[in-house]
Amino acid sequence: MTAVNSVTDLTREGDIAVLTIDSPPVNALSADVRNGLCSGAQQAAADPAVKAIVVICAGRTFIAGADIAEFGKPAKGATLPEIQRALEGAPKPIIAAVHGTALGGGFEAALMCHYRVAVPSAKFGLPEIKLGLIPGGGGTQRLPRLTGVEKALDIILSGTPFSAQEALQWGVIDALVEEGRLREGALGFARQVIDSRMPLRKIRDLNDKLEAARGRPEIFDKVRRDYGKKFRGFEAWQSALRAVQAALDLPFEDGMKLERQAFLDLIPTEQSRAQRYVFFAERKVWKIADVPDDTPVLPVRKVGVIGAGTMGGGISMNFLNAGIPVSIVETAPDALERGIGTIRRNYDNTARRGRLTTADVDARMRLLSPVIDIEAVSDCDLVIEAVYENMDVKKDVFRKLDKLAKNNAILASNTSYLNIDEIASVTGRPESVLGMHFFSPANVMRLLEVVRGAKTAKPVVATAMQLARKIGKIGVLVGVCHGFVGNRILHQRQREAQKLILEGAMPWDVDRVIYDFGLPMGPFAMSDLAGLDIGWSKATSTSSTIREILCEMNRRGQKTGAGFYDYDDARNAKPSPLVEKIILDFAAKKGVNRRAISDDEILERCIFPMINEGTKILEEGKAQRASDIDVVWINGYGWPVYRGGPMFYADLIGPDKVLATLRRFEATMGAEFRPAPLLERVVAEKTRLQDL
Ligand code: NAD
């Protein structure tokens, strides 16, 4: 065995050279790995005794991808053309042997080899688009030549990994080999290549799949239609389309140059920087400063959910999907029936779309036990309360749970705003109580705010975080405060939105600005969707706000066919002349002199107080880090990932600008804009919010 460099070895099995990369944890395509690949392939090719070369990786995976940390830094090590020359240009057949995940640059390296074999559990993919990039190592040029343009576009634009079976079916790999016997399988395949004198198959020279797509612009038109909505506001996908188009129109080397340039141009863009920041932010959330990774977790084999309303049903589905039995509790049979019916309907819809089999649906429904008697949760390891947002009702539930839940059971509340410590105080075991704040629809939204109370025990926190991961959520640890992190920040925007429509804007003006900024909907469309009557009661309503007036008129949002907007039968929103009149009359009654409000002001009034609130949350220690706040807003409220979250966005436009604008607003409009001392410090010290 010869060491090629610190991460690469070369051995020989008869006339087959085996080039092994061993760069834990995931053999990322670092400078060392690139050098090792390059020199190793060259050395093997120069050895007259070698007739074929197998490239394989030690550890848990093939080259899992590029070394993202290197992006945007000065280039070191072997360059792409050099690796390409060493692999694709080798005078002897090179076979990539793949296990684990060959993603991005790792997959592209495999595509530079002449043949590819993989174990059945291997996965492939080009996830660059998720980082605001396109493949930069030939992926957009080689993949269409193997799979055809349509499939390649789908792989590149979705960024979704695909299985070894699919890879075989689509012509991406040449053979599947036995699981756990990759080396032997690859050697066997190499033997076959040598013995049957199979040619050096260079993907760059393949043309038939491209030929089939030439002169068919409708392929690209369809993709633009299919992905247009998903990529609203995103830039990189257009570059991906251009690069794949270049594979059709240009000679291979020119296509490679175009792809490379497009990749390099994307790296410094705000969008890609934001998306790469979010990639790391979503990995950081799991680290909790004083709850080490080895904190013991409590086994959760059975879950109780109290309340089968909007949230209770969605919450239950998460656990059923993960194979964990759920007892769901209601106060009356009809409410219980309604709740179960909704769960069943949700599953049936998923099955109808082909994403679950009816057997899956049945299996999940079998794990669900609907009950009226709360005693039924006495054997649960975790109970999540999702009853009405009312402190007395919640306290009553927790008093009961304290009496009947088993020792060490975790008692969680899904409250949106209420004080977890106060809820915990009615139990004799506040260390077992915490908030698990799901977002609606709870079976869909990825965010879970894990609310740590003053007395919550570390293993309880660790268990909730681990469960979040298990049910496919992204768990963010937050502290007790009104609305926690997400809704507390949301409140700032909602308040300003309400003020703006009195001062001169209309709901659809505000919504348009927020939608164009990249959020899925504006504040008023959101209120209409959620229902204007959340927290409203007829008995206490005094026409003191626009919302109260609308609720009194039974314009309670989409569900009543009207709210801030008018809705048709298909729930399409139209600006409402009636609401316009209500707003104008209300403003006149209040003596407001309405004025024209610019889109810029709308945006700054809505967004800057959110940023300010974020820094206050950090000052108070209610979030662990600024990037956690960004993760909350991206996954809970649809903040556009290409703007990195409110805190990252503040850095993009400049904390000094945010501060100056807040001061200006404070001077003319009042204390709610007073800048947080921490924001002032960031500006004074010229640091970044995202690093807090
Ligand atoms: P909901 O009114 O749809 O459901 C509440 C259910 O709890 C009702 O079916 C009711 O019959 C039942 N219930 C009331 N008291 C009960 C008791 N003692 N025992 C058993 N069941 C009881 O309300 P929801 O929207 O699901 O909200 C539930 C909780 O989740 C609230 O605290 C809310 O703030 C929070 N939350 C709601 C959303 C949302 O968007 N709807 C999002 C996050 C959190």
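Analysis parameters
Residues numbered from 1 in each chain as written. Predicted model: local features only at pLDDT ≥ 70, side-chain atom pairs only at ≥ 80, totals over all residues. Heavy atoms only, no water. Near = heavy atom within 4 Å. Polar contact = N/O pair within 3.5 Å; in protein donor to acceptor, adjacent residues only side chain to side chain. Areas by Shrake-Rupley, 256 points an atom, 1.4 Å probe, with all protein chains shown as cover. Helix = DSSP H or I, 4+ residues; strand = E, 2+ residues; numbered from the N terminus. Nonpolar A, V, L, I, M, F, W, Y, C, P; charged D, E, K, R; others polar. Expected span 1.5 Å × (residues − 1). Buried < 20%, exposed > 50% of the residue type's maximum accessible area, 1.4 Å probe, protein only. Contact = heavy atoms within 4.5 Å. Pairing = 2+ DSSP bridges. Axes fitted to C-alpha atoms, helices over the stretch in contact; angles between N-to-C directions. Phe/Tyr/Trp six-rings, centres within 6.5 Å; stacked < 30°, edge-to-face > 60°. Lys NZ or Arg CZ within 6 Å of the ring centre and 35° of its normal. Right-handed = clockwise from strand over helix to strand, strands pointing away.

(A) Structural detail: the site of the ligand. Near the ligand, the surroundings consist of 20 residues, among which M311, E330, E389, K394 and S416 are the closest. Between T310 and the ligand, the recorded distance is 2.9 Å, taken from a backbone N or O atom to an oxygen atom. Between an oxygen atom of the ligand and a side-chain N or O atom of S416, the distance comes to 2.8 Å. Within the complex, 78% of the 830 Å² of free accessible area of the ligand lies under protein. For the shell around the ligand, the secondary-structure elements that each account for two or more residues are α13 (310-321), α16 (391-404) and β16 (433-438). Class assignment of the residues belonging to the shell around the ligand gives a composition of eight nonpolar, nine polar and three charged.

(B) Local environment of helix α10 (residues 236-249). Taking 1.5 Å per residue as the helical rise, α10 with its 14 residues ought to reach 20 Å, and the 20 Å between its terminal C-alpha atoms agrees with that figure. Counted residue by residue, α10 has ten buried out of 14 residues, so it is predominantly covered. Those residues of α10 that are buried are in contact with α4 (139-147), α5 (149-158), α8 (208-213), α9 (218-228), α11 (252-266) and α12 (270-284).

(C) Spatial organisation of the sheet that holds β16. In space, the eight strands of this open sheet follow the order β13-β12-β11-β14-β15-β16-β17-β18, with mixed pairing throughout. At either margin of the open sheet sits one strand with a lone partner, and together these are β13 (368-371) and β18 (474-479). Adjacent strand axes in the sheet meet at a mean angle of 25 degrees, parallel and antiparallel pairs treated alike. Direction of pairing for strand β14 (residues 382-385) relative to strand β15 (residues 410-413): parallel, over a ladder of four bridges. Note that in β15 the partner of E385 across the bridge is S413.

(D) The arrangement of unusual backbone geometry in detail. Omega for the bond connecting P24 with P25 falls within 30 degrees of zero, at 0 degrees, which places this linkage in the cis form. Here P25 is to be found in the loop between β3 (16-21) and α1 (31-46). The residue after S440, namely P441, is reached through a cis peptide bond having omega -10 degrees. Positionally, P441 belongs in the loop between β16 and β17 (447-452).

(E) Spatial organisation of the packing of aromatic side chains. Under the definition given, this model contains 21 aromatic pairs. With 5.9 Å between their ring centres and 75 degrees between their planes, F231 and F234 make a pair best called edge-to-face. An aromatic cluster of three or more residues is present, and its members are F439, F517, W633, Y637, W639 and Y649. Of note, R283 hangs over the ring of F279, and the distance from its end group to the ring centre comes to 3.7 Å. Just above the ring of F517 sits the side chain of R643; from NZ or CZ to the centre is 4.3 Å.

(F) Main features of the pairing of β14. Because side chains alternate across β14, one face comprises the buried residues L382 and I384, and the other comprises V383 and E385, equally buried. The sheet contact formed by strand β11 (residues 303-306) and β14 spans four bridges and is parallel. Residue V303 lies in a different strand from β14, and its bridge partner there is L382. With α16 bridging β14 and its parallel neighbour β15, the resulting β-α-β unit is right-handed.

(G) Molecular detail of the sheet that holds strand β8 (residues 123-125). Within the open sheet, the three strands sit side by side as β6-β8-β9. Their pairing is mixed. Looking at strand neighbours, the two that pair on one side only are β6 (101-103) and β9 (162-163), the edges of this open sheet. Sheet topology places β8 next to β9; two bridges connect them, and they run antiparallel. Bridge pairing in β9 links K123 to S163. Against the sheet, helix α3 (residues 105-112) engages β6, β8 and β9, with an angle of about 90 degrees to β6.

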